[in-house]
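Listed here are the chains, written in short residue letters.
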Amino acid sequence: MSRRYFGTDGIRGKVGEAPITPDKVLHLGYAAGSVLAKVHHSGDTRPGVLIGKDTRISGYMLESALEAGLSAAGVDVVLVGPMPTPAVAYLTRVLRLQAGIMISASHNPFPDNGIKFFSAAGQKLPDAVEVEIERLLEEPMHCQESARLGRARRMDDAAGRYIEFCKSTFPSTLDLKGLKLVVDCAHGATYHIAPLVFHELGAEVVAIGNAPNGVNINDHCGATHVKTLRDAVFEHDAHLGIALDGDGDRLMMVDAAGGIHDGDQLLYAIVKHRRAAGQMTGGVVGTAMTNLAVEKAFARQGIPFARARVGDRYVLEMMLERDWHWGGENSGHIICRDKHSTGDGIISALQVLAALVGEKTSLEEYTKEVKLYPQHLINVRMNGKMDLQQTPQIQEAVREAEAALKDSGRVLLRSSGTEPLIRVMVEGEDDHVVRHWAETIAGVVKACANPG
C-alpha cells in the first residue's frame, strides 16, 4: 500500500511546509476523525481522541488545528498538553478512547514537527487505516451540523496518572534509595514527569534539560547528545545518568565511569535479568542495525534473536507476529510488551534499574560480556532513486567487503525512509578494517548515485 504522507512513524516535516501547516493539519484532523466515526458503532455516543504534544512552540498551533478538524468530524477531544509519546499510548488505552494523537518530531530539532497516531490498543495505526486517512486528505473537507460537532476538554491529572503507571512497572519489593541519578529530559515532554518518577521511587535526582522554552528541545541534550549527560554524571558524582529524547520514547544511559550504553546494551541488560528471574519466554527482536556482539551474546544464552527492518514500528510488528515480549533498536527505542504496548524511555530505564538493584551490581559490570563491535555509518546523498540490488559496481564492492570480514562482520546498505540518502554501515571486530570498507563502499555508492 503506497502512502504519500505517512512514514514509519506518522507524518513529519518542517513546520510551515506541507504537510505540517495549519490548513493541512486541520484537514488531517477531519480526515482522521471521519475514519474513526465511520468505524465507531456505539449508538449516539461520539468517538473520542486524546491529543498530547511535546514542548515545541509549534505544538500550540498544531494542537488547535487538530482539535478543530476532529470536532468538525464529530469527534470528542481530550487535551493533555505536554506529555510523552508513550503516555499518550497508555492514556488512550486506559480511557477506552478510539485513538490517541501525539504532536511531536521526536528527536528532531525544534523547527520540525509531526503527528503520530495510536490505536485504541495503544499501538501504531494499521496500514489500512493510514491509507484511508490519506484518501480523505485528497477529498474536500466538510463539517458536521452543529448538534453533531465534537466537544473538547482538558484532562488535568494526566501527568499524575502516567507517573503512577510508570512506577507500577518497577518491582514493589525494590526501591532506588542510595542511588544518585542524573536525568536528562532533553527539554522535552518528560521534563515534568521523569524526575518525579525516579525521585518517588527513592533516588536522589539531579534533573537537567528540564527547562523547555519552545525552541530548545533536543538542543545539545538528551538521548541524541549524550555528552551533556556524561559531563553531568561526572560533575555530580552520580551513579548513573539517564538520557531521554524530546518525546520520551528513547533511552540512553551513562555509567559512573562515563561509559555510554545504547539501546542494544540496555535491551540486553533487561533480557538478561528477565531470564535470570525465570520470566523469559520466546525471543528478542532487534533490527538490521543491532550490533552483532549483542546477537552473539543472546545466542550464547540460548535466546532466539530475529532482525526486523529499522524502525520501532517494524520491531513491534515482528514481536506481535511471534508473540515475543522484548525488542528494540540501538537508537534507544526499547519495547517491553510485558509492561507497555509501545517503546517507553522511562519504563525501559526502570527495567534496567530493577536489574541492577536486584542483582546489586553496576551497569558496566552487568553488561561487561557484551563488547560492541565497531560500526561505521556513512550517509551518501543521492539524486533521485537507485536500486542498490541492481547496481553491479555496488554489489561487487559489498561482496569484497563481506569476503574480507568473513563471519566477524556485516555490511548493510539501505535507503533512508525520510531523506534522499543511502546509508552505508559496516560492522566488524577491527575498527580500522571496518572504517576502510565503509569508506570504500560509500565511495562506490556516491559515484553510482551521482554520475558525472
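Scroll up to find the structure.
Residues numbered from 1 in each chain as written. Predicted model: local features only at pLDDT ≥ 70, side-chain atom pairs only at ≥ 80, totals over all residues. Heavy atoms only, no water.

Draft legend 1. Highlighting the overall build of the protein chain. In terms of regular secondary structure, the protein chain is built from 14 helices and 18 strands. Each of the three principal axes of the protein chain carries a C-alpha extent, and together these read 70 × 60 × 40 Å. Across the protein chain, contacts joining residues at least 24 apart in sequence account for 70% of those joining residues at least 6 apart. When the accessible surface of the protein chain is totalled, it reaches about 19000 Å², and 50% of it is carbon and sulfur. Where the 48 positive side-chain charges of the protein chain centre and where its 56 negative ones centre are 2 Å apart. (Helix = DSSP H or I, 4+ residues; strand = E, 2+ residues; numbered from the N terminus. Contact = heavy atoms within 4.5 Å. Areas by Shrake-Rupley, 256 points an atom, 1.4 Å probe, with all protein chains shown as cover. Lys, Arg positive; Asp, Glu negative; His and termini not counted. Charge placed at Lys NZ, Arg CZ, Asp CG, Glu CD.)

Draft legend 2. Representation of the sheet that holds strand E8 (residues 204–208) in the model. Read across the open sheet, the five strands follow the order E8-E7-E9-E10-E11; overall the sheet is mixed. The open sheet is flanked by E8 and strand E11 (260–261), the only strands paired with a single partner. Of the pairings in the sheet, the one linking strand E7 (residues 180–184) to E8 comprises five bridges and is parallel in character. By the bridge assignment, Leu181 is partnered in E8 with Val205. In the packing of helix H8 (residues 263–276) onto the sheet, contacts are made with strand E10 (251–255) and E11, and the angle to E10 comes to roughly 85°. In the packing of helix H11 (residues 345–359) onto the sheet, the strands contacted are E7, strand E9 (240–244) and E10, and the crossing angle to E9 comes to about 160°. (Pairing = 2+ DSSP bridges. Axes fitted to C-alpha atoms, helices over the stretch in contact; angles between N-to-C directions.)

Draft legend 3. Highlighting H8. Over its 14 residues, H8 extends 20 Å from the first C-alpha to the last, a length consistent with the 20 Å expected when each residue adds 1.5 Å. With 12 of 14 residues buried, H8 lies mostly within the body of the structure. For H8, the set of buried residues is Gly263, Asp264, Gln265, Leu266, Leu267, Tyr268, Ala269, Ile270, Val271, Lys272, His273 and Arg274. The N-capping residue of H8, defined by a side-chain oxygen 3.1 Å from the backbone nitrogen of Asp264, is Asp262. Of the residues one or two after H8, Gly278 is the one with positive phi, at around 75°. (Expected span 1.5 Å × (residues − 1). Buried < 20%, exposed > 50% of the residue type's maximum accessible area, 1.4 Å probe, protein only. Polar contact = N/O pair within 3.5 Å; in protein donor to acceptor, adjacent residues only side chain to side chain.)

Draft legend 4. How the structure looks around the pairing of strand E4 (residues 99–103). With five of five residues buried, E4 lies mostly within the body of the structure. Here E4 shows no split at all, with Ala99, Ile101 and Ile103 on one side and Gly100 and Met102 on the other all buried. Here strand E2 (residues 48–53) pairs with E4 via five bridges, running parallel. Within the sheet, the bridge partner assigned to Lys53 lies in E4 and is Ile103. By the bridge criterion, five bridges tie E4 to strand E5 (residues 112–119) in an arrangement that is antiparallel. Across the sheet, Ile101 pairs through a bridge with Phe117, a residue of E5.

Draft legend 5. View of the side chain of Ser348. Mapped onto the elements, Ser348 comes out in helix H11. Excluding residues within four positions of it along the chain, Ser348 makes contact with Leu251, Ile270 and Ile334.

Draft legend 6. Geometry of a nonpolar patch on the surface. Taken together, the side chains of Ile57, Tyr60, Phe110 and Val215 make up a nonpolar region of the molecular surface, amounting to roughly 390 Å² of accessible area. Mapped onto the elements, Val215 comes out in the loop between E8 and helix H7 (227–235). (Patch = residues over 30% accessible without salt bridge, like charges linked within 9 Å, V, L, I, M, F, W, Y side chains within 5 Å. Salt bridge = Lys/Arg side-chain N within 4 Å of Asp/Glu carboxyl O.)

Draft legend 7. Seen up close, the environment of Ala306. By the element assignment, Ala306 lies in strand E13 (residues 305–308). Counting along the chain gives 21 residues from Ala306 to Val285, while the straight-line C-alpha distance between them is 5.0 Å. Leave out the neighbours within four places in its chain, and Ala306 touches Val284, Val285, Gly286, Met318, Arg322 and Trp324.

Draft legend 8. Local environment of the sheet that holds strand E17 (residues 409–415). Overall, antiparallel pairing links the three strands, which are arranged E16-E18-E17 in an open sheet. Each edge of the open sheet is held by one strand with a lone partner, namely strand E16 (375–381) and E17. When the angles between neighbouring strand axes are averaged without regard to direction, this sheet yields 10°. Pairing analysis gives seven bridges linking E16 to strand E18 (residues 421–428), with the strands arranged antiparallel.

Draft legend 9. Examining the packing of aromatic side chains more closely. By the definition in use, this model includes six aromatic pairs. Between Phe6 and Phe117 the ring centres are 5.8 Å apart and the planes differ by 50°, which places this aromatic pair in the tilted class. Of the two residues, Phe6 is situated in the segment before strand E1 (11–14) and Phe117 in strand E5; the sequence distance between them amounts to 111 residues. A single burial state applies to Phe6 and to Phe117, both of which are buried. With centroids separated by 3.9 Å and ring planes inclined at 10°, the aromatic side chains of Tyr90 and Phe165 adopt a geometry described as stacked. Note that Tyr90 is positioned in helix H3 (residues 85–94) and Phe165 in helix H5 (residues 158–168), a separation of 75 residues in sequence. This pair shows no difference in class: Tyr90 is buried, exactly as Phe165 is. Taken together, Tyr90, Tyr162 and Phe165 form an aromatic cluster joined through their ring pairs. The ring of Tyr60 has Lys53 sitting right over it, with the charged end atom 3.9 Å from the ring centre. Positioned over the ring face of Tyr366 is Lys272, at 4.2 Å from the centre of the ring. (Phe/Tyr/Trp six-rings, centres within 6.5 Å; stacked < 30°, edge-to-face > 60°. Lys NZ or Arg CZ within 6 Å of the ring centre and 35° of its normal.)

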